[in-house]
Amino acid sequence: MTDDETVIRELLQEWAKAVHQGDMPGVLMDHAKDIVMFECFGLDIAAARSVIVKSRGHFRAAFDIFFTDDRIIEVDVPGLTTPILTRVPYRNVPRPIYPLDPEMSWQA
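Residues numbered from 1 in each chain as written. Predicted model: local features only at pLDDT ≥ 70, side-chain atom pairs only at ≥ 80, totals over all residues. Heavy atoms only, no water.

## Regarding the pattern of salt bridges
What counts is decided by this rule: The term salt bridge refers to a pairing of a side-chain nitrogen on Lys or Arg with a carboxyl oxygen on Asp or Glu at a separation within 4 Å. The buried label applies to any residue whose accessible area, calculated with a 1.4 Å probe on protein chains only, is under 20% of its type's maximum; exposed applies above 50%, and partly exposed to all values in between.
According to the stated counting rule, one finds one salt bridge in the structure shown. Of the charged contacts in the structure, one is a salt bridge between Asp101 and Arg95, with a shortest N-O distance of 2.7 Å. When its relative accessible area of 49% is taken as the criterion, Arg95 is described as partly exposed.

Here it is, written out as structure tokens:
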């Protein structure tokens, strides 16, 4: 086993331990903002027909060499929150309010 393989194996073991303990800071501590996490498992992004990434937008910096903007499909699914505020079923918000209502103008 090479030194690199040892380091990767130790990193993955620490990550798995953090996952099992529910330690989010530990899970995210060494989270790469690039394709390293795929490569660790022997996955070749360049050979993939499609890749699904749960991310709002920071994925573009890592994946744009593989997938151009016209090949990226962003979806908004139910979950903790959505970046599209008009989809949130607000009940106690006075209307109109910026930025939910496009006809609303903002003045400082």
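## Side note on the side chain of Asp101
For the record, the criterion: The helix and strand labels rest on DSSP assignments: H or I over at least four residues marks a helix, E over at least two residues marks a strand, and numbering proceeds from the N terminus. N or O atoms closer than or at 3.5 Å make up a polar contact, with two conditions inside protein: a donor-capable atom paired with an acceptor-capable one, and, for residues adjacent in sequence, both atoms drawn from side chains. Any pair of residues with heavy atoms lying within 4.5 Å of one another is described as a contacting pair.
Position of Asp101 among the secondary structure elements: in the segment after helix H4 (60-63). At a separation of 2.7 Å, a polar atom in the side chain of Asp101 contacts the main-chain amide nitrogen of Ile97. In contact with Asp101, other than residues within four places in its own chain, are Arg95 and Pro96.

## Details of the nonpolar core
Selection rule: Here, nonpolar core refers to any group of buried Ala, Val, Leu, Ile, Met, Phe, Trp, Tyr and Cys residues whose side-chain atoms link them within 4.5 Å.
In terms of nonpolar packing, the biggest core is built from seven residues, these being Ile35, Ile45, Phe59, Ala62, Phe63, Phe67 and Ile72. Look past the residues within four positions of Ile45 in its chain and what remains in contact with it is Ile35, Phe38, Val51, Phe63, Phe66 and Phe67.

## What about a nonpolar patch on the surface?
This is how the line gets drawn: A patch is a set of surface residues, each over 30% in relative accessible area and not in a salt bridge, joined within 9 Å for like charges and within 5 Å for the nonpolar side chains Val, Leu, Ile, Met, Phe, Trp and Tyr. Areas reported as accessible are Shrake-Rupley estimates using a 1.4 Å probe. Residue values count occlusion only from the protein chains shown.
A surface patch of nonpolar side chains, about 350 Å² in accessible area, is lined by Ile73, Val75 and Val77. By secondary structure assignment, the location of Val75 is in the segment after H4. Residue Val75 is classed as exposed on the basis of its relative accessible area, which comes to 66%.

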